[in-house]
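Residue-level listing of the chains:
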Amino acid sequence: PDLNIAVVGAGLMGADHVIRITERIAGARVSAIVEPDEGRAQAALAHAPGAVHFTTLDDALAAGVVEAVLIATPGQFHEPVLLPALAAGIPILCEKPLTPTPEASLRILEAEQATGKKLIQVGFMRRFDTEYMELRELIAGGTAGELLALNCAHRNGTVPDSYTNTMLIEDSVVHEIDVVRYLTDSPIVAIEVKHGKRNTLSPDHLNEPIFVLLYTESGVLANVEMNVSVQFGYQVKTEAVFQKAIAEIGRTTGMTLWQDGRYGGVENASFKTRFAAAYDSQIQRWVNATKRGEIDGPSAWDGYLASAACAAGVTALTTGERVDVVYAERPAFYN
Ligand code: ISE
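Owing to the predicted nature of the structure, the values given are computational and were not obtained by experimental measurement.

A. Looking closely at the overall build of the protein chain. Within the protein chain one finds 10 helices and 15 strands. Its C-alpha atoms give the protein chain a radius of gyration of 20 Å, near enough to 20 Å, the size a compact globule of 335 residues would have. Dimensions of the protein chain, computed from the C-alpha atoms along their principal axes, are close to 55 × 55 × 45 Å. By sequence separation, contacts in the protein chain at least 24 residues apart represent 70% of the contacts at least 6 residues apart.

B. The packing of helix 4 (residues 78-88) against helix 5 (residues 102-115), seen in detail. Helix 5 packs onto helix 4 with a crossing angle of 10° between their chain directions and a minimal axis gap of 10 Å. With respect to helix 5, the axis of helix 4 lies roughly parallel. Mapping the contact onto sequence places E79, L82, L83 and L86 in helix 4 and A104, R107, I108, A111, E112 and T115 in helix 5. Partitioned by chemical class, the residues of the contact of helix 4 with helix 5 number six nonpolar, one polar and three charged.

C. Molecular detail of the pairing of strand 11 (residues 235-242). In this structure, strand 7 (residues 147-155) lies alongside strand 11, joined through eight bridges in antiparallel fashion. The partner of L150 across the bridge, within strand 11, is A240. Relative to strand 12 (residues 246-249), strand 11 is paired through four bridges, and the arrangement is antiparallel. The partner of V241 across the bridge, within strand 12, is I246.

D. Structural context of the pairing of strand 9 (residues 210-216). In terms of residue burial, strand 9 counts as a mostly covered element, since five of its seven residues are buried. Of the strand pairs in this sheet, strand 9 and strand 10 (residues 221-227) are connected by six bridges, and their pairing is antiparallel. Within strand 10, the position partnered with L214 by the bridge is A222. Here strand 9 folds back onto strand 10 in antiparallel fashion, the turn holding four residues, of which G219 has a positive phi close to 100°.

E. Local environment of the domain arrangement of the protein chain. What the domain assignment lists for the protein chain is domain 1 (3-125 + 277-300) and domain 2 (127-273 + 308-324). Relative to domain 2, the C-alpha centre of domain 1 lies at a distance of 26 Å. Counting residues at the interface gives 14 residues for domain 1, matched by 13 residues for domain 2. Among the elements that take part in the side of domain 1 that touches domain 2, helix 9 (residues 276-290) stands out by supplying three residues, more than any other. For the side of domain 1 that touches domain 2, the per-class residue count stands at seven nonpolar, five polar and two charged.

F. Spotlight on the UniProt feature "domain: GFO/IDH/MocA-like oxidoreductase" (unreviewed entry) in the protein chain. Following the UniProt record, the feature "domain: GFO/IDH/MocA-like oxidoreductase" (unreviewed entry) maps to residues 132-245 here. Note that residues 132-245 is 26% helix and 34% strand, and that its end C-alpha atoms are spaced 17 Å apart.

G. Region of the structure containing the UniProt feature "domain: Gfo/Idh/MocA-like oxidoreductase N-terminal" (unreviewed entry) in the protein chain. Under the present numbering, the feature "domain: Gfo/Idh/MocA-like oxidoreductase N-terminal" (unreviewed entry) in UniProt falls on residues 3-123. From the first C-alpha to the last, residues 3-123 spans 18 Å; its make-up is 42% helix and 23% strand.

H. Helix 10 (residues 300-319), seen in detail. Here helix 10 contains 20 residues, and its C-alpha end-to-end distance of 29 Å stays within 8% of the 28 Å for a straight helix at 1.5 Å per residue. Of all the 20 residues making up helix 10, 17 are buried; the element is thus mostly covered by neighbouring parts of the structure. G320 sits one or two positions beyond helix 10 and adopts a positive phi of about 75°.

I. Expanded view of the nonpolar core. One finds A6, V7, V8, I33, I191 and A309 to be the most contacted residues of the largest nonpolar core, which totals 93 residues. The dominant element in this core, judged by the number of residues it contributes, is helix 10, at 13 residues. Two domains each put at least three residues into this core: domain 1 (3-125 + 277-300) and domain 2 (127-273 + 308-324). If sequence neighbours within four positions are ignored, V7 has contacts with G14, H17, V18, V30, I33, L70 and A72.

J. Quick peek at the sheet that holds strand 9. As summarised here, the arrangement of the seven strands in space is 12-11-7-10-9-8-15, forming an open sheet in which the pairing is mixed. One side of each edge strand has no neighbouring strand; the edge strands of this open sheet are strand 12 and strand 15 (323-324). Here helix 6 (residues 130-141) sits on the sheet and contacts strand 7, strand 11 and strand 12; the angle it forms with strand 12, its principal contact strand, is near 160°.

K. The site of the ligand, seen in detail. Near the ligand you find H154, N156, D171, S172, H175 and F271, and these make up its full shell. At three residues, helix 7 (residues 165-184) tops the list of elements feeding residues into the shell around the ligand. For the shell around the ligand, the class distribution of residues is one nonpolar, four polar and one charged.

What counts, and where the lines are drawn
- Residues numbered from 1 in each chain as written.
- Predicted model: local features only at pLDDT ≥ 70, side-chain atom pairs only at ≥ 80, totals over all residues.
- Helix = DSSP H or I, 4+ residues; strand = E, 2+ residues; numbered from the N terminus.
- Rg over C-alpha atoms; globule rule 2.2 N^0.38 Å.
- Contact = placed C-beta atoms within 7 Å.
- Axes fitted to C-alpha atoms, helices over the stretch in contact; angles between N-to-C directions.
- Parallel < 35°, antiparallel > 145°, perpendicular 65-115°, else oblique.
- Nonpolar A, V, L, I, M, F, W, Y, C, P; charged D, E, K, R; others polar.
- Pairing = 2+ DSSP bridges.
- Buried ≥ 20, exposed ≤ 12 C-beta atoms within 10 Å, placed from the backbone.
- Domains from an automatic or database assignment.
- UniProt positions renumbered as here; feature names shortened; annotations may be inferred.
- Expected span 1.5 Å × (residues − 1).
- Core = buried A, V, L, I, M, F, W, Y, C linked by C-beta atoms within 7 Å.
- Near = placed C-beta within 6 Å.

Structure follows, in structure tokens:
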């Protein structure tokens, strides 16, 4: 029987996951849409046959129609949804960030440990992108020599008005914070942020692009260009510098057309298309794992580590100094 999933938050990402689960994921269906905004809820319901609309997760849980939860609200609203979902003891796929602050993430870790089971998987979907996986294997395999540095570019065409400066770190660079650790298998020990020349096409309240240095324990340094007003489209690329080689992932793919003295192709407009295959694989593997009572991807502990690094990143954003990351000790539960 299909796993009955409540999708909480039917904004950009939630609405995309509803379509994904209905059209592409095997062994699962959307049974509930939890969304306070009526218009968004109705739009999502059109892609979720048989699903019921609720305004809170508690109502959906009380109705007995939920076996798993996919949380896609903005990050600051994750904790109030995670806690009742944990209390209900059901599997959770939580979009990144787990929570914006490490203090909130630690509360989530406590609540998860109290259930006795790893119920939370965090939506760091880049770990399911085939090129990131290939690069990780190349690094671990050693055939290119030692990895020395990573040059990362993370570019959004535009961002909504609700996007703030701290979200440059907590909502966007959080992806590199997780994936650099995943690629290098080494924790991030310090972060430094520099501001570039401000893009006057940015919303007035934003000061970007920024350049973020992620120092890993292994000595590998990652440089991230974080740019959210670059207008032309959405692009996430990485160049890996090895002792004996250079590897590049994230090049725009698709048809190249030569015509009228020009050549080119179509760039992604959003993460929804750029990472579509990664999201599909992430959700399918999560659904399959729930049936074994497991998770199959980054855990709440990974989410906490990213939040702790983000806290240092937010300090670095305002001071321009190199800031050390402080981590709590890992509970045996997460070994
Ligand atoms: C957004 O929330 C995402 O998660 C995207 O993957 C990221 O590229 C974007 O910068 C974030 O705002």
